[in-house]
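# Results of the structural survey
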Amino acid sequence: ELFEKLVIEGTNSPGEFGINLMRKVFDEENPSIKINKLENEDDKKEQKGFKYLAMGTMGCIRNKFSHGDADQIDFLEGFKLLCFLSYMLEAIGKDQ
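Residues numbered from 1 in each chain as written. Predicted model: local features only at pLDDT ≥ 70, side-chain atom pairs only at ≥ 80, totals over all residues. Heavy atoms only, no water.

## Comments concerning the side chain of Asp43
Checked against the element boundaries, Asp43 lands in helix H3 (residues 41–66). Buried charged residue Asp43 carries no salt bridge. Nearest counter-charge: Lys37, at 8.4 Å. (Helix = DSSP H or I, 4+ residues; strand = E, 2+ residues; numbered from the N terminus. Buried < 20%, exposed > 50% of the residue type's maximum accessible area, 1.4 Å probe, protein only. Lys, Arg positive; Asp, Glu negative; His and termini not counted. Salt bridge = Lys/Arg side-chain N within 4 Å of Asp/Glu carboxyl O.)

## What to know about the packing of aromatic side chains
Applying the stated criterion across every chain yields a total of 4 aromatic pairs. Aromatic pair Phe3 and Phe26: ring centres 6.4 Å apart, planes at 10 degrees, arrangement stacked. Residue Phe3 is found in helix H1 (residues 2–11), and its partner Phe26 is found in the loop between helix H2 (18–25) and H3; the two are separated by 23 residues along the sequence. Both residues of the pair, Phe3 and Phe26, count as buried. Between Phe50 and Tyr87 the ring centres are 6.3 Å apart and the planes differ by 55 degrees, which places this aromatic pair in the tilted class. Separated by 37 residues along the polypeptide, Phe50 in helix H3 and Tyr87 in helix H4 (residues 75–93) bring together distant segments of the chain. Note on Phe50: relative accessible area 2%, which makes it buried. Feature note: the residues Phe3, Phe26, Phe50 and Tyr87 constitute an aromatic cluster, connected by ring pairs. Sitting above the plane of the Tyr52 ring, Lys51 keeps its charged end 5.1 Å from the centroid. (Phe/Tyr/Trp six-rings, centres within 6.5 Å; stacked < 30°, edge-to-face > 60°. Lys NZ or Arg CZ within 6 Å of the ring centre and 35° of its normal.)

## Regarding H3
Because an α-helix completes one turn every 3.6 residues, residues spaced three or four positions apart along the sequence face the same direction. Look at H3: 35 Å from first C-alpha to last across 26 residues, which is about the 38 Å you get at 1.5 Å a residue. A bend of about 35 degrees at Thr57 is the largest found in H3. Taken together, the buried positions of H3 are occupied by Asp43, Gln47, Phe50, Lys51, Ala54, Met55, Thr57, Met58, Ile61 and Arg62. In this structure, the buried residues of H3 make contact with H1, H2 and H4. One side-chain oxygen at the N-terminal end of H3 lies 3.1 Å from the backbone nitrogen of Asp42; it belongs to Asn40. (Expected span 1.5 Å × (residues − 1). Bend = angle between axes of the 7 residues up to and from the residue. Contact = heavy atoms within 4.5 Å. Polar contact = N/O pair within 3.5 Å; in protein donor to acceptor, adjacent residues only side chain to side chain.)

## What to know about the pattern of salt bridges
Using the criterion set out here, one finds 5 salt bridges in the structure. Two residues, Arg62 and Glu4, come together in a salt bridge whose shortest N-O distance is 2.9 Å. Note that Arg62 is positioned in helix H3 and Glu4 in helix H1, a separation of 58 residues in sequence.

## Here's the deal with a nonpolar patch on the surface
Taken together, the side chains of Phe75, Leu76 and Phe79 define a hydrophobic patch exposed on the protein surface, amounting to about 380 Å² of accessible area. Locating Leu76 in the fold gives a position in helix H4. Judged by relative accessible area, which is 52%, Leu76 ranks as exposed. (Patch = residues over 30% accessible without salt bridge, like charges linked within 9 Å, V, L, I, M, F, W, Y side chains within 5 Å. Areas by Shrake-Rupley, 256 points an atom, 1.4 Å probe, with all protein chains shown as cover.)

## With respect to the environment of Asn40
As for its position among the elements, Asn40 is in the loop between H2 and H3. Exposure remark for Asn40: the relative accessible area of 38% places this residue in the partly exposed category. There is a polar contact of 3.1 Å between the side chain of Asn40 and the backbone nitrogen of Asp42.

By themselves these figures say nothing about function.
Put into structure tokens, the structure is as follows:
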């Protein structure tokens, strides 16, 4: 939920959330948040891939845990999720 909250705040997108929010703000043609300089096709492909990661994060990770009824996960699975989310947060925090 922190990742989604930071995206909403960073793009002034109140009322939008989840997969649709990520599709919009990380769109490779006109992103609200750039993860690189979008100077060439490889940059656009990276942006597009990140968009899909963000959309998947909402559908798979956030939805699973946001309702408070998911079973507790073990330490290793939790650590891997934290590492992945750390990567995502770092990517949106870079100055382009």
